[in-house]
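# Observations on the model geometry
Listed below, chain by chain, are the residues.
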Amino acid sequence: MRKPIIAGNWKMYKSFDEAIDFIDAIRNALPDKDKVDAVVCAPAIYLPALVVETEETALAIGAQNMHFENEGAFTGEISPAMLAGINVDYVILGHSERREMFNETDQAVNKKVRAALTNGIVPIICCGETLEEREAGSTAQKVAGQITAALAGFTAEEVAHMVLAYEPIWAIGTGKTATADDANETCGAIRSVVEELFGTETAAEVRIQYGGSVKPENIVELLSKEHIDGALVGGASLQADSYLKLLEAAANA
Ligand code: 13P
């Protein structure tokens, strides 16, 4: 049985005070850690404070990006060693917004995944197709390519502990969710890629999230599907009450 994992992706939202208020609002209402992994991926500048704020809670803190080198002359970047040094547990890698707006390539994502593992950070590796690619029938091919590239050079044991996230680009922030069956089909295709590359056991262990307009109203159906083990959530993770509802649904899935 794969434990569900709900990760909020706050993107570039919230003031510092709002971030702290959010933690205060959820800290005593978090479901049991045995039932669901709860993660919030916050803007980098808030990470040190949020890690301290959540020390005694079931909430884990994640970053939204990082460089693949541990140090160097990379003005403005944040390194995996820096994240690990303040006890950040997760990092989102290869989000479509970073691929599309910041020219992040499959090769860079692969290097970042390696750097995350070296530093003991769990990567949440994103993949997903554009509307044009979906309409052309190339969804499975697109995500297979992204996942194969991201996982190149890893062992089955390493892959088993990663988190993969299927986020159709056309469903992000648009209110359009893939149907639960469509989302499940693509998550299943991703699991088949993992099986081909790393074997049945690894494919059965690796957790695959769906992301794209996930909200309390649709999470139950999504999580009822065989290959969907959690959600990567933008908008609905910004309010404490809707984030808690998502966690509750996952804890009871
Ligand atoms: P929304 O939930 O706002 O559609 O965002 C999805 C996403 O990009 C999470 O990484």
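A brief report on the enclosed structure follows. (Residues numbered from 1 in each chain as written. Predicted model: local features only at pLDDT ≥ 70, side-chain atom pairs only at ≥ 80, totals over all residues. Heavy atoms only, no water.)

## Digging into the site of the ligand
Neighbouring residues of the ligand: 13 residues in total, closest K11, H95, G173, S213 and G235. Contacts to the ligand include G173, whose backbone N or O atom sits 2.6 Å from an oxygen atom. Interatomic distance of 2.8 Å between a backbone N/O atom of S213 and an oxygen atom of the ligand. Notes on the ligand: free accessible area 310 Å², of which the protein chains cover 94%. Residue classes in the shell around the ligand are distributed as four nonpolar, seven polar and two charged. (Near = heavy atom within 4 Å. Polar contact = N/O pair within 3.5 Å; in protein donor to acceptor, adjacent residues only side chain to side chain. Areas by Shrake-Rupley, 256 points an atom, 1.4 Å probe, with all protein chains shown as cover. Nonpolar A, V, L, I, M, F, W, Y, C, P; charged D, E, K, R; others polar.)

## Thoughts on the packing of aromatic side chains
Between two aromatic rings, the relevant description is the distance of the centres plus the angle of the planes. Going through the model one piece at a time under the given rule, you end up with four aromatic pairs. Both rings, one in F22 and one in Y243, keep their centres 5.6 Å apart while their planes meet at 55°; by these two values the pair is tilted. Of the two residues, F22 is situated in helix α1 (residues 16-26) and Y243 in helix α12 (residues 240-251); the sequence distance between them amounts to 221 residues. What makes F22 buried here is its relative accessible area of 3%. Here the aromatic cluster, defined as three or more aromatic residues joined through ring pairs, consists of W10, F22 and Y243. Sitting above the plane of the W10 ring, K14 keeps its charged end 5.1 Å from the centroid. Across the ring face of F102, the terminal group of R98 is positioned such that the distance to the ring centre comes to 4.4 Å. (Phe/Tyr/Trp six-rings, centres within 6.5 Å; stacked < 30°, edge-to-face > 60°. Helix = DSSP H or I, 4+ residues; strand = E, 2+ residues; numbered from the N terminus. Buried < 20%, exposed > 50% of the residue type's maximum accessible area, 1.4 Å probe, protein only. Lys NZ or Arg CZ within 6 Å of the ring centre and 35° of its normal.)

## Observations regarding helix α7 (residues 139-150)
Over its twelve residues, α7 runs 17 Å from end to end, which matches the ideal 16 Å to within 8%, given 1.5 Å per residue. Check the buried side of α7 and you find it contacts α4 (96-101), α5 (106-118), β5 (122-127), α6 (131-135), β6 (163-166) and α9 (180-198). (Expected span 1.5 Å × (residues − 1). Contact = heavy atoms within 4.5 Å.)

## So, the side chain of N218
By the element assignment, N218 lies in helix α11 (residues 216-223). Taking relative accessible area as the criterion, N218 reaches 14% and is therefore assigned buried. Within the structure, the side chain of N218 is placed 3.0 Å from the backbone oxygen of S213, a separation counted as a polar contact. Among residues more than four places away in sequence, those in contact with N218 are T177 and S213.

## A word on the environment of A183
You can see A183 is positioned in helix α9. On the basis of relative accessibility, which here comes to 0%, the residue A183 falls in the buried class. Distance from A183 to L222, taken between C-alpha atoms, is 7.8 Å for residues 39 residues apart in sequence.

## Looking at the pattern of salt bridges
A complete count under the given rule lists 16 salt bridges for this structure. Close ionic contact of D181 with K225 constitutes a salt bridge, the shortest N to O distance being 2.9 Å. Here K225 lies in the loop between α11 and β8 (230-233) and D181 lies in helix α9, a separation of 44 residues in the sequence. On the basis of relative accessibility, which here comes to 48%, the residue D181 falls in the partly exposed class. Between D229 and R191 there is a salt bridge, with its nearest N and O atoms 2.8 Å apart. Of the two residues, D229 sits in the loop between α11 and β8 while R191 sits in helix α9, which places them 38 residues apart along the sequence. Each member of the pair D229 and R191 is classed as buried. Among the ionic contacts, a cluster of salt bridges with common partners joins K3, K33, D37 and R207. (Salt bridge = Lys/Arg side-chain N within 4 Å of Asp/Glu carboxyl O.)

## A closer look at the nonpolar core
Core analysis: the largest hydrophobic core is formed by 72 residues, its most contacted members being I6, L50, L59, Y210 and Y243. It is α12 that contributes the most residues to this core, eight residues altogether. Residues I5, A7, A60 and V163 belong to the second largest nonpolar core, which totals twelve residues. (Core = buried A, V, L, I, M, F, W, Y, C linked by side-chain atoms within 4.5 Å.)

## Digging into the layout of surface pockets
Approximately 590 Å³ is the volume found for the largest pocket. Around the largest pocket, the lining is made up of 21 residues, and of these K11, M12, Q64, N65 and R98 lie nearest the centre. Its residues placed into classes, the lining of the largest pocket shows twelve nonpolar, five polar and four charged. In this structure, the second largest pocket encloses a volume near 250 Å³. Forming the boundary of the second largest pocket are 18 residues, of which K11, G173, S213, G234 and G235 lie nearest the centre. Of the residues contributing to the lining of the second largest pocket, the split by class is seven nonpolar, eight polar and three charged. (1 Å grid on protein atoms, 1.4 Å probe; cavity = no way out; pocket = protein on both sides within 12 Å on 5 of 7 lines; lining within 4 Å. Points joined across faces, edges and corners; volume = space filled by probe spheres on them.)

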